[in-house]
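Report on the structure
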Amino acid sequence: MDQPPNSSIAALVSGIVNDLRELVTVELKIAWAEVEQELRRARITAIRLVVASGLIVIGGLFLMQMLVQLLYSTLNWPLWICYGAAGLVAVVAGAGMAARGRR
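Position numbers for residues start from 1 in each chain and track the written sequence from start to end. Where local features are concerned, this predicted model is filtered to residues with pLDDT of at least 70; where side-chain atom pairs are given and counted, the filter is 80 or more; whole-chain, interface and lining totals use all residues. Side-chain metrics rest on all non-hydrogen atoms present in the structure, leaving aside hydrogens and water.

Right, let's get into a nonpolar patch on the surface. Within this analysis, patches are made of residues with over 30% relative accessible area and no salt bridge. Like charges are joined at 9 Å or less; nonpolar side chains (Val, Leu, Ile, Met, Phe, Trp, Tyr) at 5 Å or less. Throughout, the Shrake-Rupley method with a 1.4 Å probe supplies accessible areas, and for residues the shown protein chains are the sole cover considered. The working definition used for a salt bridge is a side-chain nitrogen of Lys or Arg within 4 Å of a carboxyl oxygen of Asp or Glu. Taken together, I47, V51, L55, I58 and F62 make up a surface patch of nonpolar side chains, about 530 Å² in accessible area. Helical segments are the DSSP runs of H or I of at least four residues, strand segments are the runs of E of at least two, and each set is numbered from the N terminus. With respect to the secondary-structure elements, V51 resides in helix α1 (residues 9–75).

Encoded structure:
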């Protein structure tokens, strides 16, 4: 309503188009800022998941080593059999998880 009452139609249409262009520009900037914020959150989440996965793998390796030492000290089996048994446990557990993940 900045235009005087006797403005031409062309001037009014031009004002509407400029206002619309400004509105679209502001909306696009807001949308882009929201996308950037979501990407930052996703990146942080991905980093945390990678670190957590690494720690889980390290913990699993220690647990498998513990299982080998437990078998070796309690059953007096040769060390290579103990490692084979621990490996078999890991393979069976992994296959079970993979089969369950397919469902």
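To get an axis, fit a line to the C-alpha atoms, keeping to the stretch in contact for a helix; angles then go from 0 to 180 degrees between the N-to-C directions. The N-to-C vectors of α1 and helix α2 (residues 79–102) enclose an angle of 135 degrees; their axes lie 9 Å apart at closest approach. The angle between the axes of α1 and α2 places the two elements in the oblique class. The interaxial crossing formed by α1 with α2 has right-handed handedness. Contact residues: M64, Q65, L67, V68, L71 and Y72 in α1; L79, C82, Y83, A85, A86, G87, V89 and A90 in α2. Roughly parallel means an angle under 35 degrees; roughly antiparallel, over 145; roughly perpendicular, 65 to 115; everything else is oblique. Take the far helix as your reference; a near helix turned counterclockwise from it by less than a right angle gives a left-handed crossing, and one turned clockwise gives a right-handed crossing. Contact between two residues is taken to exist if any of their heavy atoms lie within 4.5 Å; hydrogens are not considered.

It is worth spelling out unusual backbone geometry at this point. We note that N76 has phi near 55 degrees; this positive angle belongs to a residue other than glycine. With respect to the helices and strands, N76 occurs in the loop between α1 and α2. Here's how the labels work: a residue is buried when its accessible area is under 20% of the maximum for its type, exposed when over 50%, partly exposed in between, all with a 1.4 Å probe on protein chains only. By relative accessible area, N76 is classed as exposed at 64%.

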